[in-house]
Amino acid sequence: MAWCGAPRAARRLLPLLPRCAVWRRRIASCIDPSAGLTEEQKEFQSVALDFAAKEMAPHMAEWDEKEIFPVDTMRKAAQLGFGGIYVKPDVGGSGLSRLDTSVIFEALSTGCTSTTAYMSIHNMCVWMIDTFGNEEQRRRFCPSLCSMEQFASYCLTEPGSGSDAASLLTSAQRKGDTYVLNGSKAFISGGGDADVYVVMCRTGGPGPKGISCLVLEKGTPGLSFGKKERKVGWNSQPTRAVIFEDCVVPVSNRLGAEGQGFSIAMKGLNGGRVNIGAAHASVLLAQEHLTVRKQFGEPLANNQYLQFRLAEMATRLVAARLMVRNAARALQEELGDAPVLCSMAKLFATDACFEICNQALQMHGGYGYLKDYAVQQFVRDVRVHQILEGTNEVMRMIVARSLLQG
């Protein structure tokens, strides 16, 4: 369901809102995620929060434990417009802004951070096809991706090129109206299960200007996958190597011009780097635990040290949220410093959110280390956010370069 004409679309979903509204009344106003949002954005947020509470949170632990890729749940989310949130409506997208998107993903990740992270990657891939593809490509790929009838994977990282992405070696040799693709990609979310692969490959010389972007479909001869990786977190989404052995790909599957692939890849990442819902959920879990848990004859909430730590967590949460939303606005408005603001937001928010989740676990004591308690899963699921889509060390390099060269 697209969200164009958003207020009317949101009203169709108002029956879903009561549980969410009750949940939000328990939140102190100083950390309320709806603060500063328009009424329309609050409706999107309410629907996403309710979906997270009803369709994701009850299954989060099972998806993690059994490594279930929740295809049916994600397709339900797509019916609400969450399969192509910032994709144009004419190909099935919701046509929302980057700020709207950040609000929705924060809400969804309170229910399952791992699943929401995959959905954000999927949305990024659809946006790349919608933005840089020609009309035929948009019509061919986007509708089934927006409905999540099909799923997409983003293929940039290689065994030998992580942070130094421009050194990638996967090659695409032009032969008439096709490319012959050889190489491999590492740590690909959705690898093996996804239907569409957005692949960065080398069609020219060394460096970023020799990289192009091709779209491959599952079942292409020569396309295969490595073993399913065993991970600390993000277990509700499969991660595999993606391997290309003489894969023949039509030139008509190239997004943009030859040599434009690295730019396309980086523009995709600018909008997909941050998710802070786990931190919000962890603050609420810590708040509740401090209230009900007693030690030395009184609630932990009476301990001034823990009060101070909770205050610090809440402050970092709100600061991270504001940085993310500021970067989202800059990205939507195509400001020149948007990539740097996105890097700053990614650096600060992912560091802060891991610290928040980890401190919430500490406040739970031994209980926090048990898998019966959700806080440990939030800790495991958010840790990788400091690594993927550009390590936080690389984010520091981007910010410093902007300052020193500006």
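Note that the structure is predicted; figures quoted are calculated from it, not measured.

The rules we used
- Residues numbered from 1 in each chain as written.
- Predicted model: local features only at pLDDT ≥ 70, side-chain atom pairs only at ≥ 80, totals over all residues.
- Heavy atoms only, no water.
- Helix = DSSP H or I, 4+ residues; strand = E, 2+ residues; numbered from the N terminus.
- Buried < 20%, exposed > 50% of the residue type's maximum accessible area, 1.4 Å probe, protein only.
- Axes fitted to C-alpha atoms, helices over the stretch in contact; angles between N-to-C directions.
- Parallel < 35°, antiparallel > 145°, perpendicular 65-115°, else oblique.
- Left-handed = near helix turned anticlockwise from the far one by under 90°.
- Contact = heavy atoms within 4.5 Å.
- Nonpolar A, V, L, I, M, F, W, Y, C, P; charged D, E, K, R; others polar.
- Patch = residues over 30% accessible without salt bridge, like charges linked within 9 Å, V, L, I, M, F, W, Y side chains within 5 Å.
- Areas by Shrake-Rupley, 256 points an atom, 1.4 Å probe, with all protein chains shown as cover.
- Salt bridge = Lys/Arg side-chain N within 4 Å of Asp/Glu carboxyl O.
- Core = buried A, V, L, I, M, F, W, Y, C linked by side-chain atoms within 4.5 Å.

This paragraph deals with unusual backbone geometry. Positive phi is not limited to glycine here, since Met 148 has a value of about 60 degrees. Tracing the chain through its elements places Met 148 in the loop between helix H8 (135–146) and strand E1 (152–155). What makes Met 148 buried here is its relative accessible area of 0%. Its identity is not glycine, yet Asp 246 carries a phi of approximately 55 degrees, on the positive side. Here Asp 246 lies in strand E7 (residues 239–250). Residue classification places Asp 246 among the exposed positions, given a relative accessible area of 53%.

It is worth spelling out the packing of helix H10 (residues 277–292) against helix H12 (residues 338–363) at this point. Relative orientation and spacing of two packed helices are given, respectively, by the angle between their axes and the distance between those axes. Where H10 contacts H12, the two axes come as close as 9 Å, and the packing angle between them is 20 degrees. On the basis of the axis angle, H10 is roughly parallel to H12. The element H10 and its partner H12 pack so that their crossing is left-handed. Contacts between H10 and H12 involve Ala 278, Ala 279, Ser 282, Val 283, Ala 286, His 289 and Leu 290 from the first element and Cys 353, Ile 356, Cys 357, Ala 360 and Met 363 from the second. Here the residues of the contact of H10 with H12 are counted per class, giving 10 nonpolar, 2 polar and no charged.

Moving on, we get to a nonpolar patch on the surface. On the surface, Tyr 367, Leu 370 and Tyr 373 cluster together into a nonpolar patch covering about 250 Å² of accessible area. Take Leu 370: it is sitting in the loop between H12 and helix H13 (374–383). Using a relative accessible area of 40% as the deciding quantity, one classes Leu 370 as partly exposed.

Bringing the nonpolar core into the picture now. Core analysis: the biggest nonpolar cluster contains 114 residues, and Phe 82, Leu 108, Ile 129, Tyr 154, Leu 181, Met 200 and Leu 216 have the highest contact counts within it. Tallying contributions element by element places H12 first for this core, with 12 residues. With sequence-adjacent residues up to four places away left out, Met 200 is seen in contact with Met 128, Tyr 154, Cys 155, Leu 156, Leu 168, Thr 170, Lys 185, Ile 211, Ser 212, Cys 213, Gly 261 and Ala 265.

What follows deals with H13. Summarising burial for H13: 8 of the 10 residues are buried, a large majority. If you check which residues of H13 are buried, you get Val 375, Gln 376, Gln 377, Phe 378, Val 379, Arg 380, Asp 381 and Val 382. Buried positions along H13 lie against helix H4 (60–66), helix H6 (98–109), helix H7 (113–132), H10 and H12.

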